[in-house]
Amino acid sequence: MQKITASDPAAHSVDVRAENIDKLKTLFPELITEGADGAAINVDVLKQLVGAATVTDADEKYGLNWYGKRRARQLALTPSTGTLRPCPEDSVDWDTTQNLMIEGDNLEVLKLLQKSYANKVKLIYIDPPYNTGKDFVYPDNFQDNIKNYLELTGQVEGGAKVSSNTEASGRFHTDWLNMMYPRLKLAKTLLRRDGAVFISIDDRELHHLRSVANEVFGEENFVAIVTVVNNLKGRNDKKHIAACHEYVVMYSGPEFVSNGLPLTDEQREAFKYVDNDGQKYALRDLRKRGGPDRREDRPKMYFPIYWDESTGRCALKRQSPSDVEIVPMRGDGTEGRWRWGSDKVGQHLDWMKGKRSERTGRLDVEHRVYLDASITVDEDDEGDDSEEDEGAIERTSKPKSVWMGGEFSTDAGKRALKELMPGESFDFPKSIDFLSTCVLLASSGTDIVADLFAGSASTGHAVMKQNAVDGQSRRSLLIQFPEPLNADQKNQKAAAEVCDRLGLSRNIVELTKERLRRAGAKVKADNPHVVGDTGFRVYKLDQSNIRAWQPSDNLEKDLLDNVDHIAHDRSEDDVLAELLLKLGLDLCVPIEQRQIAGKRVHAIGGGVLLACLDTSITAADAEALALGIADWHQQLAPSGDTTCVFRDSAFADDVAKTNLAAILDQHGIHTVRSL
């Protein structure tokens, strides 16, 4: 039975550096050598493998560099020794919800989520500090970021204090970049290959964000910069120009496909024709417009279509001498091409309609586009004759690069918040309609939508509301730093007063949770016939449940205190949550309990993890306990390998531990660990 200690890799979050080295070793075994601190990269071999010209450590190279970048990269690679502690008392529908609200520094939280949520998040929304000189920028600590976090949030005494990042600091942009860079690096690992990242920002840091995001996500995965007009009156805090917009910078995974947006009423009016089956459709030009739209671009898509003006019939071969031959011609009189190949046109001739311009006499062909997306065209047998992006029926619309309207305004965000909570607790809450648009574009089904700077919880509200509208079951994963509020500070006074009025502790995260509670209740009330998930599980960042050796002047006391490696103030639920994270299981996975041989045993994820954290297991208990666990394991029949975990200090002696492990091994449970 292997014992997990505080120094064991299993007690930490993912070691990204070690994983990277393993990947390189798999591809190029000769690249890895021994160094002073373990495995090292042989740069000379690397140059031989990929060519010396492609490996550089020169100071002059393309890219954004700043003071502290190397340290920021190192910070992202450093495993976390923290954990997330469950807080059912702050949660809503703890037993059934699939939504998460995590209190903590998002850097450490992202590290802890690596095993459980790597490549699983469909949409990551980031609304970071805009670096106005007034907002809080996270002062990370390379040596012990968990201790630093606990000091910043006032949970332990220390020297670290929350402060704003002023231009007078001398490292105005540098501090912001050092805060953003490691968080973006970690966020990328959570993103699915078909996922997207949307980042709100204004013009202060837009160009820096683009440079950093190009490096992290890849310039080839850049989607767009969308201008969001959120204040039509304009702001007076700018010289010369009253700014009325912000931006959303969008990147994606290599397999991302936008869902598009629902059609507006005006767009739906275009589907004014009805076929014999009662299906609505619109007409669209068959001729390709915009490059590549010339005959030489796709030669097989240049061919004649014959139109009988009297009957409206279209054919690929002339049926009568009176048929009019139509070929695709560009506006400048040169030869163009059709959108579809001849096979596809031949299969859907009843969808074709010839037309003649009354003004110019120009001939063209239109094809049907059905409102019902299930009425689609077959793919052409000859792949070279069809266009991948033009075979789908346009049931949704492609969003434009400028989003505007009162529903996107900051005032709309404030009104939505005031409907739920009194006062001015947040200065610039995002509007629900803006975030619903983001959610619609990039997620559906049971997709996970993450918000790394949750703030007023508008994203969580938007996910619940959108699920109620379209019947989907998206999950939200929100992270918010529990920043203490000081009523004596001008920019925090209003939020502190709201906390006082609501009977909450003076902390930003208390407002985040309260907004979620009230938003969920409102969505339920507004949609009484919709059964949706309006709850959320709260977890809080803290030091690991597994204690490290911390010697003092009293050795005898230290030895007694460290007999049990689990911290004295931690519950079984705390330990179970850490096991979920360390073993890569979802934090909302079902957990069952059963009494076996007088001990409480937990089955997590259908038996993927079995845990008995009882404080006493004697040699007499071992056999009955092991056989009972083995029997339950057989009933659960988990699809993967099972890990079974016990409290190390619970075993009366090595005999009890050895016998129990041996019986479990005989019954197919080979991975047995102790804490």
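Refer to the preceding data block for the structure.
Read on for a plain summary of the structure.

About the thresholds
- Residues numbered from 1 in each chain as written.
- Predicted model: local features only at pLDDT ≥ 70, side-chain atom pairs only at ≥ 80, totals over all residues.
- Heavy atoms only, no water.
- Pairing = 2+ DSSP bridges.
- Helix = DSSP H or I, 4+ residues; strand = E, 2+ residues; numbered from the N terminus.
- Buried < 20%, exposed > 50% of the residue type's maximum accessible area, 1.4 Å probe, protein only.
- Polar contact = N/O pair within 3.5 Å; in protein donor to acceptor, adjacent residues only side chain to side chain.
- Contact = heavy atoms within 4.5 Å.
- Patch = residues over 30% accessible without salt bridge, like charges linked within 9 Å, V, L, I, M, F, W, Y side chains within 5 Å.
- Areas by Shrake-Rupley, 256 points an atom, 1.4 Å probe, with all protein chains shown as cover.
- Salt bridge = Lys/Arg side-chain N within 4 Å of Asp/Glu carboxyl O.
- Axes fitted to C-alpha atoms, helices over the stretch in contact; angles between N-to-C directions.
- Left-handed = near helix turned anticlockwise from the far one by under 90°.
- Nonpolar A, V, L, I, M, F, W, Y, C, P; charged D, E, K, R; others polar.
- Parallel < 35°, antiparallel > 145°, perpendicular 65-115°, else oblique.

1. What to know about the sheet that holds strand 14 (residues 314–315)
Part 1 of the argument: Read from one edge of the open sheet, three strands run 14-13-15, paired in antiparallel fashion. Both outer strands of the open sheet, strand 14 and strand 15 (324–326), are each paired with one neighbouring strand and no more.
Part 2 of the argument: With two bridges connecting them, strand 13 (residues 305–307) and strand 14 associate as antiparallel partners. Paired with Trp 307 across the bridge in strand 14 is Cys 314.

2. Observations concerning unusual backbone geometry
Part 1 of the argument: The residue Ala 597 is not glycine, and still its phi comes out positive at about 55°.
Part 2 of the argument: Relative to the assigned elements, Ala 597 resides in the loop between strand 23 (591–596) and strand 24 (599–604).
Part 3 of the argument: Overall, the relative accessible area of 39% leaves Ala 597 in the partly exposed class.
Part 4 of the argument: Its identity as a non-glycine residue notwithstanding, Ala 637 has a phi of 50°, on the positive side.
Part 5 of the argument: With respect to the helices and strands, the residue Ala 637 is situated in the loop between helix 18 (619–636) and strand 26 (643–646).

3. Examining the side chain of Asp 542
Part 1 of the argument: Mapped onto the elements, Asp 542 comes out in strand 22 (residues 537–543).
Part 2 of the argument: For Asp 542, the side chain forms a polar contact with the side chain of Arg 85, separated by 3.1 Å.
Part 3 of the argument: Those residues within four positions of Asp 542 in sequence are excluded, and the remaining contacts are Gly 82, Thr 83, Arg 85, Ile 146, Leu 150 and Arg 570.

4. What about a nonpolar patch on the surface?
Part 1 of the argument: Together, Leu 232, Val 402 and Met 404 make up a nonpolar patch on the protein surface, roughly 310 Å² of accessible area in all.
Part 2 of the argument: Here Val 402 lies in strand 19 (residues 402–404).
Part 3 of the argument: Since its relative accessible area comes to 44%, Val 402 is described here as partly exposed.

5. Focus: the pairing of strand 22
Regular strands place their side chains on alternate faces of the sheet.
Part 1 of the argument: With respect to burial, strand 22 is a largely interior element, five of its seven residues being buried.
Part 2 of the argument: For strand 4 (residues 82–86) and strand 22, the ladder comprises five bridges, and the chain directions are antiparallel. Across the sheet, Gly 82 pairs through a bridge with Gln 543, a residue of strand 22.
Part 3 of the argument: With four bridges joining them, strand 5 (residues 100–103) and strand 22 adopt parallel strand pairing. Within the sheet, the bridge partner assigned to Met 101 lies in strand 22 and is Val 538.

6. Structural notes on the packing of helix 3 (residues 69–77) against helix 7 (residues 172–190)
Part 1 of the argument: Packing of helix 3 against helix 7 brings their axes to within 8 Å, and their N-to-C directions diverge by 35°. In this structure, helix 3 meets helix 7 at a crossing whose hand is right-handed. Note on element contacts: helix 7 touches helix 3 through Asn 178, Tyr 181, Pro 182, Lys 185 and Leu 186, opposite Lys 69, Ala 72, Arg 73, Leu 75 and Ala 76.
Part 2 of the argument: Looking at the contact of helix 3 with helix 7, its residues break down into six nonpolar, one polar and three charged.

7. Topic: the sheet that holds strand 20 (residues 448–451)
Sheets are built from strands paired through backbone hydrogen bonds, the pairs being either parallel or antiparallel.
Part 1 of the argument: Spatially, the 10 strands line up as an open sheet ordered 4-22-5-21-20-6-7-9-8-19, and their pairing is mixed. Every other strand in the sheet has two partners, leaving strand 4 and strand 19 as the edge strands with one partner each. Within the sheet, the average angular offset between the axes of one strand and its neighbour, ignoring direction, is 20°.
Part 2 of the argument: Of the pairings in the sheet, the one linking strand 7 (residues 191–201) to strand 9 (residues 245–252) comprises six bridges and is antiparallel in character. Looking at strand 9, one finds that Ala 196 is bridged to Ser 252.
Part 3 of the argument: Docked against the sheet, helix 8 (residues 206–217) engages strand 7, strand 8 (222–229) and strand 9, running at close to 10° with respect to strand 9.
Part 4 of the argument: Of the strands in this sheet, strand 6 (121–126), strand 7, strand 8, strand 9, strand 19 and strand 20 touch helix 12 (residues 432–442), which is tilted by about 150° from strand 6.

8. Observations concerning the packing of helix 13 (residues 458–470) against helix 15 (residues 508–526)
Part 1 of the argument: Packing of helix 13 against helix 15 brings their axes to within 9 Å, and their N-to-C directions diverge by 15°. On the basis of the axis angle, helix 13 is roughly parallel to helix 15. Helix-helix and strand crossings are classified by hand; for helix 13 and helix 15 the assignment is right-handed. Only Arg 515, Leu 516, Ala 519, Gly 520 and Val 523 of helix 15 make contact with helix 13, whose side of the interface consists of Ser 458, Gly 460, His 461, Met 464, Lys 465 and Ala 468.
Part 2 of the argument: Class assignment of the residues belonging to the contact of helix 13 with helix 15 gives a composition of five nonpolar, four polar and two charged.

9. A look at the pattern of salt bridges
Part 1 of the argument: With the rule as written, the count across this model stands at 45 salt bridges.
Part 2 of the argument: Asp 194 serves as the salt-bridge partner of Arg 192, at 2.9 Å between the closest nitrogen and oxygen.
Part 3 of the argument: Residue Arg 192 is classed as partly exposed on the basis of its relative accessible area of 22%.
Part 4 of the argument: A salt bridge links Arg 330 to Asp 332; the nearest nitrogen and oxygen atoms lie 3.0 Å apart.
Part 5 of the argument: By relative accessible area, which is 52% here, Asp 332 ends up exposed.
Part 6 of the argument: Here the salt bridges do not stand alone but share partners, grouping Asp 285, Arg 287, Arg 289, Lys 355, Asp 364 and Glu 366 into one network.

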